Amino acid sequence: MQSTTGSWVSGEDFFDRESDLKILKHRIVGGNHILLTGHRRMGKTSLLQEIGRQLQHDGWTFLYCDLERAFEPEDVVAEIAATVQYGKPSSLRFFNRWLKRMRDSIEEISFSEFRLKLRAEINDKNWTLLGENIIEEFSKQKKPTLLILDELPVFLKRLVDQDGNALRVDLFLSWLRAELQRSTKTRPVLVVSESIGLAPLLRRLGMPEKINYLYSYQLHPWDKDDSIKCFELLAHSQELYIENGVAEAVYETLGMGVPHHIQSFFARLNDYATQYHLDSISIKDVSTVYHSEMLGPAGQVDLDHYRSRLKNALCQKIFFIADIILTEVSTQSNFNQEGRAILEKIYGEIIEDISQHVEEVLDILMHDGYLVSDNGGYKLAFRLLKDWWGGASYRDNYVPLSQLDQGSRS
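Criteria and cut-off values
- Residues numbered from 1 in each chain as written.
- Predicted model: local features only at pLDDT ≥ 70, side-chain atom pairs only at ≥ 80, totals over all residues.
- Heavy atoms only, no water.
- Axes fitted to C-alpha atoms, helices over the stretch in contact; angles between N-to-C directions.
- Helix = DSSP H or I, 4+ residues; strand = E, 2+ residues; numbered from the N terminus.
- Parallel < 35°, antiparallel > 145°, perpendicular 65-115°, else oblique.
- Left-handed = near helix turned anticlockwise from the far one by under 90°.
- Contact = heavy atoms within 4.5 Å.
- Pairing = 2+ DSSP bridges.
- Salt bridge = Lys/Arg side-chain N within 4 Å of Asp/Glu carboxyl O.
- Buried < 20%, exposed > 50% of the residue type's maximum accessible area, 1.4 Å probe, protein only.
- Core = buried A, V, L, I, M, F, W, Y, C linked by side-chain atoms within 4.5 Å.
- 1 Å grid on protein atoms, 1.4 Å probe; cavity = no way out; pocket = protein on both sides within 12 Å on 5 of 7 lines; lining within 4 Å.
- Points joined across faces, edges and corners; volume = space filled by probe spheres on them.
- Nonpolar A, V, L, I, M, F, W, Y, C, P; charged D, E, K, R; others polar.
- Phe/Tyr/Trp six-rings, centres within 6.5 Å; stacked < 30°, edge-to-face > 60°.
- Lys NZ or Arg CZ within 6 Å of the ring centre and 35° of its normal.

(A) Structural detail: the packing of helix α9 (residues 198-205) against helix α17 (residues 354-367). At a minimum axis separation of 9 Å, α9 and α17 run at an interaxial angle of 160°. The angle between the axes of α9 and α17 places the two elements in the roughly antiparallel class. Once α9 is placed against α17, the crossing between them reads as right-handed. For the pair α9 and α17, the contacting residues are L198, A199, P200, R203 and R204 in the first and E360, D363, I364 and H367 in the second.

This is the structure we're talking about:
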């Protein structure tokens, strides 16, 4: 088993997730469109790539489209079309109609060049027709197709943020649903993968019904046993000797079995052993590396992605509220009804409809796995994120809501 951080894994390096794999593959083969949700770094991409690999082996066409860089529906169609071209289905007749100038050189250009040239041919008048032609082409194929649209919520938020008008979001989602639900068994099976809540976004825009044809499936963290097993397999494969209890200490220190961070913690412990010429890793080393590396400068880029990702997904005032709640939870261990009342009282003077926005933020943070319920309130179950958000990221500069309330009274 390879020690891999920052990229998806498949084949022999794909660990666990057998039940998730079996359920999702069964649903996809049955023609069900899927909404795959889960906390960041939970392994959604690896799971989908493994499903795609297995289905390709069974005769399917597998198309994976990352929409993180898409700003317009035209970008989405260009991404799908380019992925189709380089996925090499047997018939691509629709390209001859749309890309006559590229017909002779299409085999000689890269994926990125092709996407850019294709994008230049698409506008707000023809993207629906080209998209329809692409999907219709699959109805003529003998092979079934799995189409992955990764980070669809990121694209939709960008779309509505451009002018504050949700009409284009409505148009795009209505078009996508209509095309996929036409009466033919050979249209692509769609999987939407998200680390930013699609359902909360659409509820906020007043159109939750636009995704009611998607079967929602949440990818949960590894449990303790699987986390320990993965860490021990990594240690064995990399010939790193670990003392008894080290794998369990890694899980307890992280507070949650997030696959990426299990891998990352192992990699940093392995590097630590090499740097200091250690014959083995002890439980004390786990604590040392956690504070100096996982929470230290080396881990800042990885962890800061949680904040930047959330910031990009929310408007400024909504992110402001989310940041306060997460910092309160991180430093005070809990965000309860009393804390909520204080937050709404203090910031209600500068943020209109504060109670509604707090409810929206809590919905998003619960949906996206940042928060879990705790005795009528909320807490962060992921200790690594809790320690970073409330400690390393703020370095004791945060003033708790209870103290702000006392200050307002005086």
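Still more ground to cover, so stick around.
(B) Seen up close, the sheet that holds strand β5 (residues 215-219). The five strands are arranged β2-β3-β4-β1-β5 in an open sheet whose pairing can be described as parallel. The sheet is open, and its two edges are formed by β2 (61-66) and β5, each paired on a single side. Between one strand axis and the next, the sheet turns through 20° on average, direction left out of account. Relative to strand β4 (residues 189-193), strand β3 (residues 145-150) runs parallel, the two being bridged by five bridges. Its bridge partner lying in β4, I148 is registered against V191. Most of the contacts of helix α1 (residues 18-29) go to β5, to which it runs at about 165°, and overall it touches β1 (34-38), β3, β4 and β5.

(C) Broad picture of the pattern of salt bridges. Within this structure, the stated rule accounts for 17 salt bridges. We note a salt bridge from D161 to K157, for which the minimum N-O separation is 2.3 Å. Separated by four residues within a single helix, D161 and K157 lie in helix α7 (residues 152-161), roughly one turn from each other. Here D161 falls in the partly exposed class, since its relative accessible area comes to 42%. Overall, K157 belongs to the buried group, its relative accessible area being 7%. What you see here is one network of salt bridges that share partners, running through K224, E248 and E252.

(D) Region of interest: the nonpolar core. I325 and L343 are the most contacted members of the largest nonpolar core, which has 79 residues in total. In terms of residue count, the dominant contributor to this core is helix α15 (residues 316-332) (eight residues). The residues touching L343, leaving out its near neighbours within four places in the chain, are I321, I324, I325, F335, G348, I354, V358 and L401. Grouped together as the second largest cluster of nonpolar side chains are 45 residues, L35, V84, F138 and L214 included.

(E) Representation of empty space enclosed by the protein. In total, this model carries five cavities of 30 Å³ or more according to the counting rule given. Size it by volume and the second largest cavity reaches roughly 50 Å³. For the second largest cavity, the full set of lining residues is V77, I80, G131, I134, I135, L147, W175 and L176. Put simply, the parts of the chain that give the lining of the second largest cavity at least two residues each are α3 (73-87), α6 (127-138) and α8 (167-180). No other element matches the three residues that α6 contributes to the lining of the second largest cavity. Across the lining of the second largest cavity, the residue classes break down as seven nonpolar, one polar and no charged.

(F) Quick look at the packing of helix α11 (residues 246-254) against helix α13 (residues 283-294). At a minimum axis distance of 9 Å, the contact between α11 and α13 shows a crossing angle of 35°. When you trace α11 past α13, the crossing you get is right-handed. Contact residues: V246, A249, V250, T253 and L254 in α11; I283, V286, Y290 and M294 in α13.

(G) Spotlight on the packing of aromatic side chains. With the rule as written, the count across this model stands at eleven aromatic pairs. Taking 6.4 Å as the distance between ring centres and 65° as the angle between the ring planes, the aromatic pair formed by Y306 and F382 counts as edge-to-face. Remark: F382 occurs in the loop between β7 (377-379) and α18 (383-392) and Y306 occurs in helix α14 (residues 297-313); sequence separation between them is 76 residues. For the pair W388 and W389, a centre-to-centre distance of 5.7 Å together with 85° between the ring planes defines the contact as edge-to-face. A single burial state applies to W388 and to W389, both of which are buried. In textbook terms, an aromatic cluster arises when at least three aromatic residues are bridged by ring pairs, as seen for W127, F155, F172 and W175. The aromatic ring of F71 is capped on one face by R158, whose charged end is 4.5 Å from the ring centroid.

Geometric descriptors of this kind do not, in isolation, establish any biological role.
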